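Fold and geometry: a report
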Amino acid sequence: MKYYSLNHNAPNVSFQEAVIQGLATDKGLYFPETLTPLAPSFFENIENLSHEEIAFEAIKQFVGDEIPADTLKQIIAETLCFDFPLVEVENGIYSLELFHGPTMAFKDVGARFMSRCLGYFNKDDKDAKNTVLVATSGDTGGAVASGFLGVTGVDVVILYPSGKVSDIQERQLTTLGQNIRALEVDGVFDDCQDMVKKAFLDESLNHMRLTSANSINIARWLPQMFYFFFAYKALKSQNKPLVFSCPSGNFGNICAGIIAKKLGLPIEHFVASTNVNDTVPRFLEKGIYDPKPSIATISNAMDVGNPSNFVRIQEMYQNDLEQFKKDFTSYTFNDAETLVALKAIHNERGYIAEPHGAVGYLGLKKELQNIPNAIGVFLETAHPIKFLDVVEPALGVTLPLPEQIESVMNKEKVSVKISTYEELKAFLG
Ligand SMILES: *Cc1c(COP(=O)(O)O)cnc(C)c1O
């Protein structure tokens, strides 16, 4: 499979090159040259396939022959080492729990898959090293740290804003050691992000072979389509139209869902549910894409003013706004509405969600008024413990610490404090 740049001013590249580079040389996102629907027999027979078999069928055209089938199967098995339960929260409305992985957020799937692909590409060259450089406001850093831990040929450097991530998130970033190093930046998330961007453009760092591990990277993004297939497998026998609501920030998850639909997965409709960072809902309403600086909310993993994956979604609809609106709706909700939903889901349904899931639930409820006969699924993108500062006081509960979190809580934090780009450069060497 070849990948082209969405800025159309860079050479087409292989899967391997796209994974290693992250972004094309013209700063465009990579996109696969072809999307070939899977055979009808695959969908007819899906209930007899394991998660690993489904994932292999879904991803193989994107990898081509660049990773041998047996190795790809092994990578998938290591990626999917946890469960993806579908919990019926109320009649016809399901929470797809994506948080049972090592860092309890859906980003574990993409981070684990990407790390193992990079490890494979470096296997024959003992001196080859890639450095994954990533800025995090919380969840991404933990998933990347855990996903890349111990992968040979890959060093990871994570920048996070000092004092601006939760205690749990900080431990997930700073306690693992080995090939994972954390830089505690005197500043806010945007300062971390600016330093990372500067480093990618800095030619004197070319020898580091820097790459990114957020959803602009195809190996982080594409495997996120897997769990749409898993949900379909579980709900297929009900024989009703399926609506998915994704709590959306950079729109990587929902974009992967749309890829699944292009591969033939029968999804009736997508809802991109956002917090007040509403660039996409405004676009659908007014037809003008007008990104704004991000606004802080209680669903902070979605505080994105200019969602990076939206160009990929537009590519799939080729500016056919009518068809796009048939498949896709986007709604925005503020923090007060999110808290009301969080409490209602708990008090009336006995289910503990967290702010991102609650935004997804709200968008789903709204859309189902238009598609009454459908089954709705909202993605629960993180475990409530990761947002306990919001969840515990809102619901008046104390959440027990899951095993995955407990295991990092008593480890020692190791980080290096920096405040300037020069210090980052000196650290990278
Ligand atoms: C990253 C994240 C999101 C946003 O996902 P996108 O793919 O960027 O839209 C939503 N919820 C949580 C908990 C996240 O960590």
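Looking at an unreviewed UniProt entry, the protein carries the name Threonine synthase, with the source organism given as Flavobacterium aquicola. Under the Catalytic activity (unreviewed entry) heading, UniProt states for the protein: "O-phospho-L-homoserine + H2O = L-threonine + phosphate".

A word on the site of the ligand
As a structural note, the neighbourhood of the ligand is formed by 15 residues, with Lys 107, Asp 139, Gly 249, Asn 250 and Thr 381 the closest of them. Within the contact set of the ligand, an oxygen atom lies 3.1 Å away from a backbone nitrogen or oxygen of Gly 252. At 2.8 Å, a side-chain N or O of Thr 381 approaches a nitrogen atom of the ligand. Contact with the protein chains removes 97% of the 390 Å² of surface that the ligand exposes when unbound. Residue composition of the shell around the ligand, by class: 6 nonpolar, 7 polar and 2 charged.

What about helix H16 (residues 355–368)?
Helix length check: H16, at 14 residues, gives a terminal C-alpha distance of 20 Å against a target of 20 Å (1.5 Å per residue), a fit within 8%. Across the 14 residues that make up H16, a large majority, 12, are buried. Taken together, the buried positions of H16 are occupied by Pro 355, His 356, Gly 357, Ala 358, Val 359, Gly 360, Tyr 361, Leu 362, Gly 363, Leu 364, Glu 367 and Leu 368.

A word on the UniProt feature "modified residue: N6-(pyridoxal phosphate)lysine" (unreviewed entry) in the protein
Here the UniProt feature "modified residue: N6-(pyridoxal phosphate)lysine" (unreviewed entry) sits at Lys 107. Structurally, Lys 107 is set in helix H5 (residues 107–121). Apart from the residues lying within four places of it in its own chain, the contact partners of Lys 107 are Asp 139, Thr 140, Ala 143 and Arg 220.

Points about the nonpolar core
Residues Met 225, Phe 229 and Phe 328 are the most contacted members of the largest nonpolar core, which totals 99 residues. If you tally residues by element for this core, the top one is helix H10 (residues 226–235), at 8 residues. Those residues in contact with Phe 328 that lie beyond four places of it in its chain are Phe 251, Ile 254, Ile 258, His 269, Phe 270, Ala 272, Val 280, Leu 284 and Ile 313.

Quick word on the packing of helix H15 (residues 335–349) against H16
At a closest axis distance of 9 Å, the pairing of H15 and H16 adopts a crossing angle of 90°. Judged by the inter-axis angle, H15 sits roughly perpendicular to H16. The residues of H16 that touch H15, namely those facing Glu 337, Thr 338, Ala 341, Leu 342 and Ile 345, are Pro 355, Ala 358, Val 359, Tyr 361 and Leu 362. In terms of residue class, the contact of H15 with H16 is built from 8 nonpolar, 1 polar and 1 charged.

Rules behind the numbers
- Residues numbered from 1 in each chain as written.
- Predicted model: local features only at pLDDT ≥ 70, side-chain atom pairs only at ≥ 80, totals over all residues.
- Heavy atoms only, no water.
- UniProt positions renumbered as here; feature names shortened; annotations may be inferred.
- Near = heavy atom within 4 Å.
- Polar contact = N/O pair within 3.5 Å; in protein donor to acceptor, adjacent residues only side chain to side chain.
- Areas by Shrake-Rupley, 256 points an atom, 1.4 Å probe, with all protein chains shown as cover.
- Nonpolar A, V, L, I, M, F, W, Y, C, P; charged D, E, K, R; others polar.
- Helix = DSSP H or I, 4+ residues; strand = E, 2+ residues; numbered from the N terminus.
- Expected span 1.5 Å × (residues − 1).
- Buried < 20%, exposed > 50% of the residue type's maximum accessible area, 1.4 Å probe, protein only.
- Contact = heavy atoms within 4.5 Å.
- Core = buried A, V, L, I, M, F, W, Y, C linked by side-chain atoms within 4.5 Å.
- Axes fitted to C-alpha atoms, helices over the stretch in contact; angles between N-to-C directions.
- Parallel < 35°, antiparallel > 145°, perpendicular 65-115°, else oblique.

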